[in-house]
Structures are given as C-alpha cells and as structure tokens.
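Chain and residue survey
Here is what each chain is made of, one letter per residue.
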Amino acid sequence: MDKYRELLNRLLALRGKDITITQGTVTAVSGITCCVQVGEMVISDVRLRASESPNEESQMLVTPKIGSAVTIGCLSGDLAQTVVLAVDEVESITINGGKLGGLINIDALTQCLNNVITAFNSHTHTGVHGPTSAPVSQIESLNKDDYEDKTVTH
C-alpha cells in the first residue's frame, strides 16, 4: 500500500471521533504545560510537548510567550489530552534538557576571536627571543562556517 493510501485510510478511521484543533492565547506557563484562553474558556494543563515523558534529556520544549497566539489540538474530545501544535511567539526553546547552555551569537563570537587573532599577530617583542630570533608564527582568521551548527538557528 502506498503512503497516500495509508494516510487516507488513517484519516477515514478517525471519522466520527471528536478531534479538535483551535487557536487561543497563552495566559500562563508552568513547566511543561500552559493555560490557553479560547473565547471565554481557559483550558489548563495544555502540554507543551507531545508526550508526558519525564525524559527531558532527549526532548525539545518550546515555551510560548504569555499573551501570544497558539494552535492547540485535542484527540480525546474532552480537553483532557490537549497539546500545543504551533506557537506564534517563543519565550524559550530548550533542547535535550538544556545541559549544554545557550546558543552563541555566531557573528559576535567570530568578530571577537578575529580581534584577538589580529592583536596576537600584530604584537611584537624587541630583542632576542631564546637561542635564535625566529619570528612568531601567524594565526589565520576564523570563518564562522568552520564551527557554526546550522541545524539550530536563532
């Protein structure tokens, strides 16, 4: 069976089930859940991740800004299993538990490192340096493409 036929069969199997996708506004965030206002109703405990698994070391958490629009989905029909599907404005993104720290501003880092290299390369000493007076070797300028991870951008 091709993938399109399989998708059609799965969608047809969902007919009659109470699937809800709607848009609302984030009113509060707490850990891996948030509250979302849809019209006059506030839905609490809306998951920010697809699962409730406690294993943060291999998951991504996108935390929306309070007051921003989000799209939420519910497969149960009773709002018990509601999850954020899309976010307009992001407060933070934590990948794999955040144990490696924050991302860097690649252009500012490259400029700072190149300033250090320029200072090193232009520094001179007078007199004899050791047994011979050989010049100190030069350091090449850096290019951000040498160390930039383009899979995560900000």
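Residues numbered from 1 in each chain as written. Predicted model: local features only at pLDDT ≥ 70, side-chain atom pairs only at ≥ 80, totals over all residues. Heavy atoms only, no water.

1. Digging into the overall build of the protein
- Each helix and strand in the protein was counted, giving 2 helices and 7 strands.
- From first element to last, N terminus to C terminus, the protein shows the α and β order α-β-β-β-β-β-β-β-α.
- Here the protein displays about 11400 Å² of accessible surface, and carbon together with sulfur accounts for 55% of that area. (Helix = DSSP H or I, 4+ residues; strand = E, 2+ residues; numbered from the N terminus. Areas by Shrake-Rupley, 256 points an atom, 1.4 Å probe, with all protein chains shown as cover.)

2. Focus: the environment of Ile 139
- Its location among the elements puts Ile 139 in the segment after helix H2 (106-122).
- As a C-alpha pair, Ile 139 and Thr 118 span 21 residues in sequence and 8.4 Å in three-dimensional space.
- For Ile 139, the residues in contact, after removing those within four places along its chain, are Ile 117, Phe 120 and Asn 121. (Contact = heavy atoms within 4.5 Å.)

3. Focus: the side chain of Ser 68
- Assignment of secondary structure puts Ser 68 in the loop between strand S4 (60-64) and strand S5 (69-74).
- For Ser 68, a relative accessible area of 1% gives the class buried.
- A polar contact of 2.6 Å, which involves the side chain of Ser 68, links it to the backbone oxygen of Lys 65.
- Among residues more than four places away in sequence, those in contact with Ser 68 are Gly 24, Thr 25, Val 26 and Glu 89. (Buried < 20%, exposed > 50% of the residue type's maximum accessible area, 1.4 Å probe, protein only. Polar contact = N/O pair within 3.5 Å; in protein donor to acceptor, adjacent residues only side chain to side chain.)

4. Digging into the nonpolar core
- Core analysis: the biggest nonpolar cluster contains 11 residues, these being Val 26, Cys 34, Val 36, Val 38, Ile 43, Val 46, Leu 48, Leu 61, Val 70, Ile 72 and Val 84.
- Of all elements in the fold, only strand S2 (33-38), strand S3 (41-47) and S5 reach the threshold of two or more residues within this core.
- Top contributing element to this core by residue count: S2, with 3 residues.
- Residue contacts for Ile 43: discarding those within four places in its chain leaves Cys 34, Cys 35, Val 36, Val 38, Ile 72 and Leu 79. (Core = buried A, V, L, I, M, F, W, Y, C linked by side-chain atoms within 4.5 Å.)

5. Things to note about the pairing of S5
- When strand S1 (residues 20-30) meets S5, the two strands line up antiparallel, connected through 6 bridges. Each residue of the ladder has a partner; that of Thr 25, found in S5, is Ala 69.
- Summarising the sheet, S5 and strand S6 (residues 82-87) pair through 5 bridges and their orientation is antiparallel. Counterpart to Gly 73 in the pairing with S6 is Val 83. (Pairing = 2+ DSSP bridges.)

6. Digging into the pairing of S1
- Alignment of S1 against S2, held across 5 bridges, turns out to be antiparallel. Its bridge partner being in S2, Val 26 is matched across the sheet by Val 36.

7. Structural notes on the confidence of the model for the protein
- Looking at the protein, the pLDDT average stands at 82 and 84% of residues meet or exceed 70.
- Across the protein, the element-wise mean pLDDT spans from 77 in helix H1 (residues 3-14) up to 95 in S2. (pLDDT = per-residue confidence, 0-100.)

8. Quick notes on unusual backbone geometry
- In this model, Asp 45 sits at a positive phi of 60°, which is unusual for a non-glycine residue.
- Here Asp 45 shows up in strand S3.
- Classification of Asp 45 by relative accessible area gives exposed; the value is 54%.

9. Topic: the environment of Val 62
- Within the secondary structure, Val 62 sits in strand S4.
- Between the C-alpha atom of Val 62 and that of Arg 49, which follows or precedes it by 13 residues, the distance is 7.6 Å.
- Among all residues touching Val 62, those that are not within four sequence positions of it are Leu 48, Val 87, Val 90, Ser 92 and Ile 93.

10. Here's the deal with the side chain of Asn 114
- Assignment of secondary structure puts Asn 114 in helix H2.
- Given a relative accessible area of 16%, Asn 114 falls into the buried group.
- When sequence neighbours within four positions are dropped, the list of residues in contact with Asn 114 reads Ser 141 and Leu 142.

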